[in-house]
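# Structure assessment
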Amino acid sequence: MKTLKIITRKAYPFRSFYEGKERLAFYVINILGEEPQVTIYSDMIKKVNPEIDSLGVRKSEFENDTLRVQEFLEKYFPEELAEAIFKYARKDLGCKDDFSLKAYISWKGKQP
């Protein structure tokens, strides 16, 4: 994947992810209902499962089940894009910084 470019529009809560001039994905933050969530749109989702056109992930899922959410996103997107979506969605939803098992395993694997 080339350089990933992230753009936040004035019509926030809306964030786009580009590679060059091609928009790979975008998400909208929905704050209505029981809890905030992001709804992610991309043609990559349709390539994996033609029956759906978007993915929804709630704030509590980002906070309480980070490993599952990361794996879920990586099922539909290349790793770099999935990590960027995960990082910015957590930030935009105001998630608490908690222990991440995936980050710990990655860090532990790099130790001598």
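Residues numbered from 1 in each chain as written. Predicted model: local features only at pLDDT ≥ 70, side-chain atom pairs only at ≥ 80, totals over all residues. Heavy atoms only, no water.

## What to know about the pairing of strand β5 (residues 54-58)
Only one face of β5 is buried: it carries Leu55 and Val57, and the other face, with Ser54, Gly56 and Arg58, is open. Summarising the sheet, strand β4 (residues 37-41) and β5 pair through five bridges and their orientation is antiparallel. Considered in β5, the bridge of Ile40 is made with Leu55. (Buried < 20%, exposed > 50% of the residue type's maximum accessible area, 1.4 Å probe, protein only. Helix = DSSP H or I, 4+ residues; strand = E, 2+ residues; numbered from the N terminus. Pairing = 2+ DSSP bridges.)

## Some thoughts on helix α3 (residues 66-76)
Regarding α3, the residues found buried are Thr66, Val69, Gln70, Leu73 and Tyr76. Burial along α3 is one-sided: seen end-on, the buried residues are contained in an arc of 125°. (Arc of directions from axis to C-beta.)

## Observations regarding the packing of aromatic side chains
Considering all chains together, one arrives at six aromatic pairs under this definition. Residues Phe17 and Tyr27 carry aromatic rings whose centres are separated by 5.8 Å and whose planes lie at 40° to one another, so their mutual orientation is tilted. Taken together, the positions of Phe17 in strand β2 (residues 14-19) and Tyr27 in strand β3 (residues 22-30) put the pair 10 residues apart, joining distant regions of the chain. Judged by relative accessible area, Phe17 falls into the buried class, the value being 0%. Ring centres of Phe62 and Phe86 lie 5.6 Å apart, and the angle between their planes is 45°; this geometry places the pair in the tilted category. Pair noted here: Phe62 is in helix α2 (residues 59-64) and Phe86 is in helix α4 (residues 79-93), with a separation of 24 residues, a long-range link. Residues Phe62 and Phe86 agree in their burial class; the two are buried. Three or more aromatic residues joined by ring pairs form one cluster here, namely Phe14, Phe26 and Tyr41. (Phe/Tyr/Trp six-rings, centres within 6.5 Å; stacked < 30°, edge-to-face > 60°.)

## Observations regarding the pattern of salt bridges
Side chains that differ in charge, positive against negative, can pair when their charged atoms come close. Within this structure, the stated rule accounts for four salt bridges. Residue Arg58 pairs with Glu35 through a salt bridge whose shortest N-O separation is 3.1 Å. Of this pair, Arg58 sits in strand β5 while Glu35 is found in the loop between β3 and β4, placing the two residues 23 residues apart along the sequence. Residue classification places Arg58 among the partly exposed residues on the basis of a relative accessible area of 38%. A relative accessible area of 25% places Glu35 in the partly exposed class. Asp65 serves as the salt-bridge partner of Arg68, at 3.2 Å between the closest nitrogen and oxygen. A cluster of three or more residues bridged by salt bridges with shared partners is formed by Glu61, Asp65 and Arg68. (Salt bridge = Lys/Arg side-chain N within 4 Å of Asp/Glu carboxyl O.)

## What about the packing of α3 against α4?
Between α3 and α4, the shortest axis-to-axis distance is 8 Å and the interhelical angle comes to 135°. Looking at the two axes, α3 sits oblique to α4. Crossing hand, α3 versus α4: right-handed. Counted together, Thr66, Val69, Gln70, Leu73 and Glu74 of α3 and Glu79, Ala82, Ile85, Phe86 and Arg90 of α4 form the full contact between these two elements. In terms of residue class, the contact of α3 with α4 is made up of five nonpolar, two polar and three charged. (Axes fitted to C-alpha atoms, helices over the stretch in contact; angles between N-to-C directions. Parallel < 35°, antiparallel > 145°, perpendicular 65-115°, else oblique. Left-handed = near helix turned anticlockwise from the far one by under 90°. Contact = heavy atoms within 4.5 Å. Nonpolar A, V, L, I, M, F, W, Y, C, P; charged D, E, K, R; others polar.)

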